[in-house]
Amino acid sequence: MSREGALAGVKAVIDAGPTYEDIDPVRFLGNRSSGKMGFAVAEAAVQAGAEVILIAGPVALPTPPGVARRVDVRSARQMRDAVMRAMDGADIFIAAAAVADWRVADYSARKIKKGPAGAPVLELVENPDILAEVAARDPRPFVVGFAAETDHVTEHAREKLVRKKLDLLAANRVDENIGIGTDDNALELIWTDGSETLPRAGKSELAKALVARIAAHYHARRRA
Ligand code: C5P
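(A) Quick peek at the overall build of the protein chain. Regarding its fold elements, the protein chain presents 5 helices and 12 strands. Against the 2.2 N^0.38 benchmark of 17 Å for 224 residues, the protein chain shows a C-alpha radius of gyration of 18 Å, consistent with a compact globule. Seen along its three principal axes, the alpha-carbon backbone of the protein chain occupies a region of about 65 × 35 × 35 Å. Counting across all 224 residues of the protein chain, residues that qualify as buried make up 46%. Total accessible area on the protein chain is roughly 11600 Å²; 50% of this is exposed by carbon and sulfur atoms. Side chains of the protein chain carry 31 positive and 31 negative charges; the gap between the two charge centres is 4 Å.

The following block contains the structure:
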């Protein structure tokens, strides 16, 4: 671990991967996040000298070398609790996880059976917004969000930056070929009075560029 990097002496909490919302003991609601981007960001942050706590949803990825602690979780509510426990004394929070927006209202402890009544109707309830909750903390860390959008990427991302009170938002376009579960990505970085494009690159190269920008903005805010 570097003691001289752009994030030396900084404690960063990073969440990554999908969450799974169980319906019954064999079924769940999930999404296509692989966790690769968040893990690459964790690795780049370690290389920049940060002390990194990585909160991981269900992914099949090894822990990047030098990560101080990894906590594995499954559901959005478990991820929220793990993030909040890790936040004490943290300087930066990077929300790279694809947190499920909804979970089923009533988990069935028994496998739901097919039957004459036909297909079940699942009632969904909203999950906690981890990012917005961290951004509302006092003292408030430097907060970085991600936004995966299929259309009007910049407009939706800017609205999200304001609504969730973020310092920086990394937005990417999602279609079948790029963005989620893929090996490369492009990001539009957005903050209150500016934006910058990080061009399409492998996730590890892009993560290094992103961490360098996060460090620059973090230090600029501390100087302000
Ligand atoms: O609103 P949307 O889900 O597009 O926002 C994406 C950003 O918010 C990501 O950084 C994601 O990790 C975070 N998020 C969260 N908790 C949720 C939903 C999203 O932390 N329940």
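(B) Inspection of the site of the ligand at higher detail. Surrounding the ligand, one finds Ala95, Ala97, Val99, Asp101, Pro128, Asp129, Ile130, Leu131, Gly145, Phe146, Lys160 and Lys164. A distance of 3.0 Å separates a nitrogen atom of the ligand from a polar backbone atom of Ile130. Within the side chain of Lys164, a nitrogen or oxygen atom sits 3.0 Å from an oxygen atom of the ligand. Protein coverage of the free-state accessible area of the ligand, which is 440 Å², stands at 86%. The set of elements that each furnish at least two residues to the shell around the ligand consists of helix H3 (130–135) and strand S9 (142–149). Here the shell around the ligand is built from residues that sort into 7 nonpolar, 1 polar and 4 charged.

(C) Highlighting the sheet that holds strand S11 (residues 184–191). What the 8 strands build is an open sheet, ordered S5-S4-S1-S6-S9-S10-S11-S12; its pairing is mixed. The two strands at the open ends of the sheet, each matched to only one other strand, are strand S5 (69–72) and strand S12 (194–202). With direction set aside, neighbouring strand axes in the sheet form an average angle of 15 degrees. With 3 bridges joining them, strand S10 (residues 168–173) and S11 adopt antiparallel strand pairing. Bridging across to S11, Ala170 finds its partner in Leu189.

(D) Examining a nonpolar patch on the surface more closely. A cluster of nonpolar side chains, namely Trp102, Leu122 and Leu124, defines an oily patch on the protein surface of about 290 Å² accessible area. Mapped onto the elements, Trp102 comes out in strand S7 (residues 102–104). For Trp102, a relative accessible area of 47% corresponds to the partly exposed category.

Analysis parameters
Throughout this description, residue numbers start from 1 for each chain and increase along the sequence as written. Only residues with pLDDT of 70 or above have their local features reported here, since the model is predicted, and side-chain atom pairs are shown and tallied only from 80 upward, although totals for entire chains, interfaces and linings are computed over all residues. Only hydrogens and water are set aside; all other atoms, that is, all heavy atoms of the structure, feed into the side-chain values. Each helix is a run of H or I in the DSSP string that is no shorter than four residues. Each strand is a run of E no shorter than two, and both are numbered from the N terminus. Each radius of gyration is computed over the set of C-alpha atoms, and the globule rule expresses the reference value as 2.2 Å times the number of residues to the power 0.38. Exposure classes here rest on a 1.4 Å probe applied to the protein chains alone. A residue is buried below 20% of its type maximum, exposed above 50%, and partly exposed in between. Throughout, the Shrake-Rupley method with a 1.4 Å probe supplies accessible areas, and for residues the shown protein chains are the sole cover considered. This count recognises Lys and Arg as positive and Asp and Glu as negative, with His and chain-terminal groups excluded. The atoms used to mark charge sites are NZ of Lys, CZ of Arg, CG of Asp and CD of Glu. Residues are classed as near a molecule or strand on a simple rule: at least one heavy atom within 4 Å of it. The definition of a polar contact used here is a pair of N or O atoms within 3.5 Å, where within protein one atom must be able to donate a hydrogen and the other to accept one, and adjacent residues in sequence count solely through side-chain atom pairs. Asp, Glu, Lys and Arg are counted as charged, while Ala, Val, Leu, Ile, Met, Phe, Trp, Tyr, Cys and Pro are counted as nonpolar; the rest, among them Gly, fall into the polar class. A pair of strands is labelled paired if DSSP reports no fewer than 2 bridges between them. Axis geometry follows a simple rule: fit a line to the C-alpha atoms, using only the stretch in contact for helices, then measure angles between N-to-C directions, giving values from 0 to 180 degrees. Only residues whose relative accessible area exceeds 30% and that form no salt bridge enter a patch; like-charged residues are grouped when within 9 Å of one another, and nonpolar side chains (Val, Leu, Ile, Met, Phe, Trp, Tyr) when within 5 Å. Just to be clear on terms, a salt bridge is a Lys or Arg side-chain nitrogen sitting within 4 Å of an Asp or Glu carboxyl oxygen.

Read these as geometric descriptors, not functional statements.
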